[in-house]
Amino acid sequence: MKVFLSLIVAFSLTCQLSIAERKKKPISIPFEIVGSYVIVKLEINNSNPLNLILDSGVRNTIITELTPDDSISLNYSNSSALKGLGNGSELQALTSYRNSMKIGKMLLEDQTIIVLEKDVFNLSKFTGTKINGLLGSDIFQSHIVEINYDRKRLLFHDPEGFVVPANYTPIYLSIEGQKMFVQIPITEENGTKREAKMLVDTGAELAAWFRSYGSRSIAMPKNKMRGFIGQGLNGEITGFVGRIPEIRLGDAILKSPVVTFPDSISIAEATSEGERDGTLGSQLLNRFNLIFDVQNNLMYLKPNSNFKKRFSYNIAGIEIFQQNYFLRIPEVMIVSPGSPADSAGVKKGDQIMEINGRKTYEYNINEIRSIFETPARWLRLVLSRNDEEISVKIDMKSKI
């Protein structure tokens, strides 16, 4: 009997060890959140550390900006024109193949790197943080990748033996050209419920955008504002901002999200390649902890601590950037025509010196954007224009 029990114990321990060997610990990498961007630090071909935005909406890693302090060795194979969102001309870029990329303890070989000949995104100026480019969807191909916004960790799981954590809801992914798409239910303003095919794009700093033209168009709400939506590869993206009743992701219902409707010329290239109704961006995706299992065409999600945050938009109509991320003086990049800021007399090129009596160097650029998105009776700015100090008062009552 003792021998029999010893054999059972030994067999049990062997099974446990076998399971433990199969279920390897994930490689866990910290990330920084700037605005709603996920910023990952990495090295390319043993370069100095670079800061890249995790962007599931682009296929390959893209270098947009290198400073004099950055050192990176790349062998360029060819130059080509890139097409994407925006209403400008094609953008020239250099392509480099067979590169190694190290993210924490994660080593990725045979990576394609694209280097823009012109920095059209101005990500460092826009975020007030040094940003070198975009980390593309290549990294999702060989591992199960988890984005845990609560813990600010990027985790690479070995597919063999992976077990989905409790309370995560699966959603089917369709993979097209390494990009991830989901079919989700939405409700339009008139109560119509329909399915929308959406690109999953962690690098788009908006909740969602929808196509508002063609046979599969989404109806724009009556209450909407015209303005700047973002910067694409091929120029500025303009259109309308409004709210729709709801978007569903799995079992989760997002009520009255702020969504955008780009002008047709801004998204013509993106929507010409097959049926696509729009994009889910980082301001919506960051309300969930996400797990991407590309090999099995699945995305898992679980609402996180951001889930109940209000959906906001730029009420003032001012887009700002920071020429130097060490010197905190925001400059007006765009004033949307007809916006409250336009009506108050704010001009492109104005430097914002004070907000409601407080010096702007006491804020970071994302805190200022949050102020522009907060409903209030008035917003008082002190501007510097041609060495002249100008005070303006902006009506900040929400219009949508």
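What you see is a predicted model, and the numbers here were worked out from it, not measured in a lab. (Residues numbered from 1 in each chain as written. Predicted model: local features only at pLDDT ≥ 70, side-chain atom pairs only at ≥ 80, totals over all residues. Heavy atoms only, no water.)

Quick look at the overall build of the chain now. The helix and strand inventory of the chain stands at six helices and 30 strands. Here the chain holds 400 residues, and 50% of them are scored as buried. Here the contacts in the chain between residues at least 6 apart in sequence split such that 62% fall between residues at least 24 apart. With an accessible surface of roughly 19100 Å², the chain has 50% of that area assigned to carbon and sulfur atoms. (Helix = DSSP H or I, 4+ residues; strand = E, 2+ residues; numbered from the N terminus. Buried < 20%, exposed > 50% of the residue type's maximum accessible area, 1.4 Å probe, protein only. Contact = heavy atoms within 4.5 Å. Areas by Shrake-Rupley, 256 points an atom, 1.4 Å probe, with all protein chains shown as cover.)

It is worth spelling out the environment of Ser77 at this point. Looking at the element boundaries, Ser77 is found in strand β6 (residues 76-82). Residue Ser77 is classed as partly exposed on the basis of its relative accessible area, which comes to 47%. Placed 17 residues apart in sequence, Ser77 and Leu94 show a C-alpha to C-alpha distance of 7.4 Å. Residues in contact with Ser77, not counting those within four places in the same chain, are Thr95 and Tyr97.

For the coordinates displayed, the defined rule picks out 13 salt bridges. When the shortest N-O distance is used, the salt bridge between Asp70 and Lys130 registers 2.6 Å. Here Asp70, found in the loop between β5 (61-63) and β6, pairs with Lys130, found in the loop between α2 (123-127) and β9 (133-135); they are 60 residues apart in sequence, far enough to count as distant. Each member of the pair, Asp70 as well as Lys130, is classed as buried. (Salt bridge = Lys/Arg side-chain N within 4 Å of Asp/Glu carboxyl O.)

What the six strands build is an open sheet, ordered β1-β11-β10-β23-β24-β12; its pairing is antiparallel. In this open sheet, the two strands that pair with only one neighbour each are β1 (27-30) and β12 (169-172). Ignoring strand direction, the axes of neighbouring strands in this sheet form an average angle of 20°. Inspection of the sheet shows β12 paired to strand β24 (residues 298-303) by four bridges, in the antiparallel sense. Bridge pairing links Pro170 to Tyr300 in β24. (Pairing = 2+ DSSP bridges. Axes fitted to C-alpha atoms, helices over the stretch in contact; angles between N-to-C directions.)

Attention shifts here to the packing of aromatic side chains. Tallied over the entire structure, the rule returns four aromatic pairs. Relative to Tyr149, the ring of Phe31 has its centre 6.2 Å away and its plane inclined at 75°; by these criteria the two rings are edge-to-face. Pair noted here: Phe31 is in the loop between β1 and β2 (32-34) and Tyr149 is in the loop between β10 (144-148) and β11 (153-157), with a separation of 118 residues, a long-range link. Considering the side-chain rings of Phe210 and Phe261, the 6.3 Å spacing of their centres and the 35° angle between planes classify their relative orientation as tilted. Here Phe210, found in strand β16 (residues 208-210), pairs with Phe261, found in strand β21 (residues 258-262); they are 51 residues apart in sequence, far enough to count as distant. Judged by relative accessible area, Phe210 falls into the buried class, the value being 0%. (Phe/Tyr/Trp six-rings, centres within 6.5 Å; stacked < 30°, edge-to-face > 60°.)

Summarising burial for strand β23 (residues 288-293): six of the six residues are buried, a large majority. Burial along β23 is two-sided: Phe288, Leu290 and Phe292 and Asn289, Ile291 and Asp293, pointing in opposite directions, are all buried. Here β10 pairs with β23 via three bridges, running antiparallel. The partner of Glu146 across the bridge, within β23, is Ile291. Relative to β24, β23 runs antiparallel, the two sharing six bridges. Paired with Ile291 across the bridge in β24 is Tyr300.

On to helix α6 (residues 365-372), then. For α6, the full list of buried residues reads Ile365, Ile368, Arg369 and Phe372. In a view along the axis of α6, the buried residues occupy a sector of 100°, so they form one face of it. The inward-facing, buried residues of α6 contact α2, β25 (318-321), β27 (351-355) and β29 (378-385). (Arc of directions from axis to C-beta.)

Attention now goes to the nonpolar core. By size, the foremost hydrophobic cluster in this structure holds 82 residues, and its most contacted members are Ile103, Phe210, Ile247 and Ile318. Of all hydrophobic cores here, the second largest spans 15 residues; its members include Tyr37, Ile39, Ala93 and Ile114. (Core = buried A, V, L, I, M, F, W, Y, C linked by side-chain atoms within 4.5 Å.)

Positionally, Asn99 belongs in strand β7 (residues 91-103). On the basis of relative accessible area, Asn99 is assigned to the buried category, the value being 3%. Beyond its immediate stretch of four places on either side in the chain, Asn99 contacts Ile44, Asn45, Leu74, Leu108, Glu109, Asp110, Gln111 and Ile113.

Here the chain averages 89 in pLDDT, and 89% of its residues register 70 or above. Confidence over residues 1-21 falls short of pLDDT 50; this stretch has zero contacts with residues more than four positions distant or in other chains. (pLDDT = per-residue confidence, 0-100.)

Moving on: the side chain of Ser36. With respect to the element layout, Ser36 can be found in the loop between β2 and β3 (37-44). Ignoring any residue separated from it by four or fewer positions in sequence, one finds Ser36 in contact with Glu205, Ser282, Gln283 and Asn286.

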